[in-house]
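Report on the structure
Given next are the chains, with one letter for each unit.
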There are 2 protein chains.
Amino acid sequence: MLVFTMRILRLCAVALILFFPYLQAIADPLPSWNEGATKQAIVEFVGHVTDASNANYVPPAERLATFDNDGTLWVEQPLYTQLAFAIDRVRALAPEHPEWQTHEPFAALLKGDLNTVLAGGEAALLEIVLATHAGMTNAEFEQTVLSWLATAQHPKTGKLYTEMVYQPMLELMDYLRDNDFRVYIASGGGIDFMRPWTSAVYGIPPERVIGSRIKKGLEERNGQWVIVREPAIEFINDKTGKPIGIDLHTGRRPIAAFGNSDGDLAMLQWTTAGDGLRFALFVQHTDAEREWAYDRESSIGRLDQGLTEARAKGWAIADMQRDWKVIYPFELSETD
Amino acid sequence: MLVFTMRILRLCAVALILFFPYLQAIADPLPSWNEGATKQAIVEFVGHVTDASNANYVPPAERLATFDNDGTLWVEQPLYTQLAFAIDRVRALAPEHPEWQTHEPFAALLKGDLNTVLAGGEAALLEIVLATHAGMTNAEFEQTVLSWLATAQHPKTGKLYTEMVYQPMLELMDYLRDNDFRVYIASGGGIDFMRPWTSAVYGIPPERVIGSRIKKGLEERNGQWVIVREPAIEFINDKTGKPIGIDLHTGRRPIAAFGNSDGDLAMLQWTTAGDGLRFALFVQHTDAEREWAYDRESSIGRLDQGLTEARAKGWAIADMQRDWKVIYPFELSETD
């Protein structure tokens, strides 16, 4: 009887070993993506670079994928989340800054007149960012970001900003990591605005987050060495800055890059200019009902030159309305 | 008979599972380190932070260790390796630069008069570095570094520079990685001078190398987007620059830091100022026979203020003569 049982067990084991790859293949790694050319292009690319017998095989050490954040991994409308954070910080800090009542862009912002603030252009936004992102230690800024994200609500849905992430992109990052890719964020947003929460929300640890940054210095405060944030921009990780930032942080050229706006175009151009098989994808915001619809004419997340080049070169487009079954993770639990 | 065999196999499996941790513990993870206070301090630190029942336990995600390179992982005497590289490059490029024959510091260097070059101080060295490290693409510079390292010989031993690494430190990095640490280099040397070879020599991939850097730009050359090295210093990853560089690349404060000179002091101060158990170690060059003996008075790798602070605070000292059985990996094969 024991011998018989052992034989059955062994047969089961052999069957499992033989059919495991097949069973794995059946389980859809991208369940929130509709079947179609875009999903197929992703799966084919990953299949080629991970197949040691394929001419386009890439060793795991070189499987680097970079993702933009705003508009690619989470919502950027009606306002970049980091700008919403900065505005809330100006309001919270206003009692300590009576001079802001008569000094633009702060005066307009405190009156709720966002149009006047935005009319001030980059200089006005820069002043707001530096006033709210500098002058504190690393640890103090991290705590401020986490406290704000824990309660701030998106103006359209009332959800937390960290709930306004794209479920299909979460699946895509998991799929790439399951295939031994190292997944990085390369965002125009602030590196230290993202690092405190990307592990929990995206599974991306702080050392794989690349972004814009302000200067920092080392200071002894209360007898302890701490890093302090200084009120000066050091680097803008946008447009041609993205390849430079990725090179600085990784020492490699990605084999796959994912964005949604002209700010990501240089990253996709540089990625696809490397040797061997490369992959480039733009998320296109086409779904006014479930998310937003904007591209060539938008002031936030404009996709104009990038869309033209993507079509000319045959890069993948994730058309939200066409390609995504759901937009946000909370839709999954709602339909359960 | 089959039943009997299966039982024996099962017993063996159980025995292996039960005793494997014990067998692992018996194997010395640091065989090139002499028994003593320094080795004991390392092993105790790693034991504490990896023991989930210990008050000083640190989750794997936060186990970050940073190592200086010159004088900590490889030889820095009689001249920093990167400076030897730059000097050789000046010689190789001289035919394309007739103006160097009458322009200092190049003229002195080409005559072999290194004292005049060094008398020019940082400005002279900077000019040499920029003349030899800029103006080419990332890929071209990487190839130049690898070609040089493949043949350049250390002036004292005739060995390749990548053979002049410290065997006890290789073991230490392996030991930390086996205990789920992420091991980074944080060097005053050039980030792109190190990245091409640290994977092969130290097991440290490019994305875990932090160093000084020059500016870069994205350019279209021959119809392809490439990153080009520009002749301007962007950041010096030395002294208080080391904590700033580590923060930029990792978003964390290390729990252990390893250096050999006053250039590493700020890194060790910042590391040990963090919460919980921290570890700091200076390699002290005390072995004039097997390596070099230098500390408080040396122009290269001066360890003066750092040594005073290490003794006051009880940081670990790896005294080469006292603590290291061998210095270089090639000594192991010679004694086999």
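Use the structure listed above.
Here's a quick rundown of the structure. (Residues numbered from 1 in each chain as written. Chains lettered and ligands numbered in written order. Predicted model: local features only at pLDDT ≥ 70, side-chain atom pairs only at ≥ 80, totals over all residues. Heavy atoms only, no water.)

**Quick look at the overall build of chain A**
Spelled out, the test is: Helix and strand assignments come from DSSP, with helices taken as H or I runs of at least 4 residues and strands as E runs of at least 2, each series counted from the N terminus. For each residue, the accessible area found with a 1.4 Å probe, counting protein chains only, is set against the maximum for its type, and the residue is called buried under 20%, exposed over 50%, and partly exposed in between. Note on contacts: a residue pair is in contact if any heavy atoms of the two residues lie within 4.5 Å. Where accessible areas are quoted, they stem from the Shrake-Rupley method and a 1.4 Å probe; at the residue level, only the protein chains shown are allowed to cover. When charges are tallied, Lys and Arg are placed among the positive residues and Asp and Glu among the negative ones, while His and the ends of the chain are skipped. To locate a charge, take NZ of a lysine, CZ of an arginine, CG of an aspartate or CD of a glutamate.
Looking only at helices and strands, chain A features 15 helices and eight strands. Projected onto its principal axes, the C-alpha coordinates of chain A cover approximately 85 × 55 × 45 Å. In chain A, which comprises 336 residues, the share counted as buried stands at 51%. When contacts within chain A are restricted to residue pairs at least 6 apart in sequence, long-range pairs at least 24 apart make up 65% of them. Accessible surface, chain A as shown: approximately 15,200 Å² in total, 55% of it carbon and sulfur. Averaging the coordinates of the 30 positive side-chain charges in chain A and doing the same for the 45 negative ones gives two points 5 Å apart.

**A look at the pairing of strand S2 (residues 182-190) of chain A**
Residues and elements named next belong to chain A. Put simply, the rule is: Whether two strands pair depends on DSSP finding at least two bridges between them.
Of all nine residues making up S2, eight are buried, and the element is well covered by its neighbours. Two strands pair when backbone bridges link them, and strand S1 (residues 64-67) and S2 are joined in this way by four bridges, in the parallel orientation. Among the inter-strand pairings, Ala65 is bridged to a residue of S2, identified as Val183. Both S2 and strand S3 (residues 209-221) contribute to a ladder of three bridges, which runs parallel. Across the sheet, Ile185 pairs through a bridge with Val209, a residue of S3.

**Some details on the side chain of Thr198 of chain A**
Residues and elements named next belong to chain A. To keep it simple, the criterion reads: A 3.5 Å cut-off defines polar contacts: any pair of N or O atoms within that distance qualifies, except that in protein one atom must be a possible hydrogen donor and the other a possible acceptor, and neighbouring residues in sequence count only when both atoms are side-chain atoms.
Residue placement: Thr198 occurs in helix H10 (residues 198-202). Relative accessible area serves as the criterion here: at 0%, Thr198 is assigned to the buried category. At a separation of 2.8 Å, a polar atom in the side chain of Thr198 contacts the main-chain carbonyl oxygen of Ile204. Sequence-distant contacts of Thr198, that is, excluding residues within four places in its chain, are made with Ile185, Gly203, Ile204, Pro205 and Val209.

**Notes on the packing of helix H3 (residues 81-93) of chain A against helix H7 (residues 138-151) of chain A**
All names here are of chain A. Here is the rule: Note on method: axes are straight lines fitted to C-alpha atoms, helices fitted across the in-contact stretch only, with angles between N-to-C directions ranging 0 to 180 degrees. With respect to orientation, any angle under 35 degrees is reported as roughly parallel, any angle over 145 as roughly antiparallel, any angle of 65 to 115 as roughly perpendicular, and every other angle as oblique.
Where H3 contacts H7, the axes come no closer than 11 Å and their chain directions differ by 100°. It follows from the interaxial angle that H3 and H7 lie roughly perpendicular. Of H7, the residues touching H3 (which contributes Thr81, Ala84, Phe85, Asp88 and Arg89) are Phe141, Thr144, Val145 and Trp148.

**Observations concerning the interface of chain B and chain A**
The criterion, for reference: In this description, buried area is defined as the sum, over both parts, of the accessible area (probe of 1.4 Å) that is lost when the two are combined. Think of a salt bridge as a Lys or Arg side-chain nitrogen and an Asp or Glu carboxyl oxygen that are within 4 Å of each other. Charged means Asp, Glu, Lys or Arg here, nonpolar means Ala, Val, Leu, Ile, Met, Phe, Trp, Tyr, Cys or Pro, and polar covers whatever is left, Gly included.
Counting residues at the interface gives 35 residues for chain B and 36 residues for chain A. Regarding the contact of chain B and chain A, the summed buried area is about 3,000 Å², with carbon and sulfur atoms giving 58% of it. Contact with chain A buries surface across chain B, with Glu207, Trp225 and Leu248 of chain B losing the most and accounting together for 20% of the total. For the interface between chain B and chain A, the tally reads six salt bridges. Here chain B and chain A share 16 residue pairs in polar contact (both at pLDDT 80 or more) between them. Put simply, the parts of the chain that give the side of chain B that touches chain A at least two residues each are helix H1 (2-26), strand S2 (182-190), strand S3 (209-221), strand S4 (224-235), helix H11 (241-250) and helix H12 (265-272) of chain B. In terms of residue count, H11 of chain B provides more of the side of chain B that touches chain A than any other element does, six residues in total. Tallied by class, the residues present in the side of chain B that touches chain A amount to 17 nonpolar, eight polar and ten charged.

**Quick notes on the packing of aromatic side chains**
Stated precisely, the cut-off is as follows: Stacked, edge-to-face and tilted are the three classes for Phe, Tyr and Trp ring pairs, Trp counted by its six-membered ring, which pair at centre distances within 6.5 Å; planes under 30 degrees apart are stacked, over 60 edge-to-face, the rest tilted. Any Lys NZ or Arg CZ that is within 6 Å of a ring centre and within 35 degrees of that ring's normal is treated as a charge sitting over the ring.
Following the criterion strictly, the structure yields 32 aromatic pairs over all chains and no others. A network of ring pairs unites the aromatic residues Trp33, Tyr166, Trp324, Tyr328 and Phe330 of chain A as a single cluster. Residue placement shows Lys159 of chain A over the ring face of Phe330 of chain A; its charged tip is 4.2 Å from the ring centre. Between Lys156 of chain B and the ring centre of Trp292 of chain B, over which it is positioned, the NZ or CZ distance is 4.1 Å.

**Notes on the relation of the copies chain B and chain A**
Threshold: Copies are brought into register by a least-squares superposition over C-alpha atoms of residues with pLDDT of at least 70 in both.
Superposition of chain B onto chain A requires a rotation of 180° combined with a translation of 0.0 Å along the rotation axis, giving an RMSD of 0.0 Å. Taken together, the turn and the small shift mark the pair as related by a two-fold rotation axis. When the interface residues of chain B are mapped onto chain A, 100% of them are again interface residues, pointing to one common binding face.

**Quick notes on the side chain of Asp70 of chain A**
All names here are of chain A. By secondary structure assignment, the location of Asp70 is in the loop between S1 and H3. Despite its burial, Asp70 pairs with no opposite charge, the nearest such side chain being Lys242 at 7.5 Å. A polar contact is formed between the side chain of Asp70 and the side chain of Trp74, at a distance of 2.8 Å. Ignoring any residue separated from it by four or fewer positions in sequence, one finds Asp70 in contact with Glu76, Tyr80, Ser187, Gly189 and Asn260.

**Things to note about the pairing of strand S5 (residues 256-259) of chain A**
Two faces belong to every sheet, and in a regular strand the side chains alternate between them. Residues and elements named next belong to chain A. Note the threshold: By convention a crossover is right-handed if, when the strands point away from the viewer, the path from the first strand over the helix to the second runs clockwise.
Of the two faces of S5, both are covered, the one formed by Ala256 and Phe258 as well as the one formed by Ala257 and Gly259. For S5 and strand S6 (residues 279-286), the ladder comprises four bridges, and the chain directions are parallel. Note on S6: the bridge partner recorded for Ala257 is Ala280. Taken together, S5, helix H12 (residues 265-272) and S6 constitute a β-α-β crossover, and its handedness is right-handed.

**Overview of unusual backbone geometry**
For the bond running from Glu104 of chain A to Pro105 of chain A, omega is 5°, close enough to zero to count as cis. Relative to the assigned elements, Pro105 of chain A resides in the loop between H3 and helix H4 (106-110). A positive phi angle, near 50°, is found at Asn222 of chain B, a position not held by glycine. With respect to the helices and strands, Asn222 of chain B occurs in the loop between S3 and S4.

**Focus on helix H6 (residues 121-133) of chain A**
All names here are of chain A. Put simply, the rule reads: Multiply 1.5 Å by the residue count of a helix minus one, and that product is the helix's expected span.
With 13 residues, H6 extends 18 Å from end C-alpha to end C-alpha; this agrees with the ideal 18 Å at 1.5 Å per step. Listed as buried for H6 are Ala124, Ile128, Leu130, Thr132 and His133. Where H6 is buried, its residues meet H3, H4, helix H5 (114-119), H7, S3 and strand S4 (224-235). Where H6 ends, the next residue or the one after it, Gly135, has phi of about 95°, a positive value.

**Notes on H12 of chain B**
One turn of the α-helix equals 3.6 residues, which is why residues spaced by three or four share an orientation. By the criterion of burial, H12 of chain B is predominantly enclosed, with seven of the eight residues buried. Of all the positions in H12 of chain B, only Leu265, Ala266, Met267, Leu268, Gln269, Trp270 and Thr271 of chain B are classed as buried.

**Points about the pattern of salt bridges**
All told, the structure shown has 36 salt bridges over all chains when counted by the stated rule. A salt bridge links Glu207 of chain B to Arg252 of chain A; the shortest N-O distance between them is 3.2 Å. Taken as a pair, Glu207 of chain B in the loop between helix H10 (198-202) and S3 and Arg252 of chain A in the loop between helix H11 (241-250) and S5 lie in two separate chains rather than in one. Arg252 of chain A carries the same exposure label as Glu207 of chain B, and that label is buried. Here Asp28 of chain B and Lys39 of chain B are joined by a salt bridge, their closest N and O atoms 2.7 Å apart. In this pair, Asp28 of chain B sits in the loop between H1 and helix H2 (37-50) while Lys39 of chain B sits in helix H2, placing the two residues eleven residues apart along the sequence. Lys39 of chain B sits in the buried class, given a relative accessible area of 5%. Three or more residues are tied together by salt bridges with common partners; here these are Asp192, Lys216 and Arg229 of chain A together with Asp247 of chain B.

**Things to note about the environment of Trp225 of chain A**
Among the structural elements, Trp225 of chain A can be located in strand S4. Trp225 of chain A sits 34 residues away from Gly259 of chain A along the chain, and the two C-alpha atoms are 38 Å apart.

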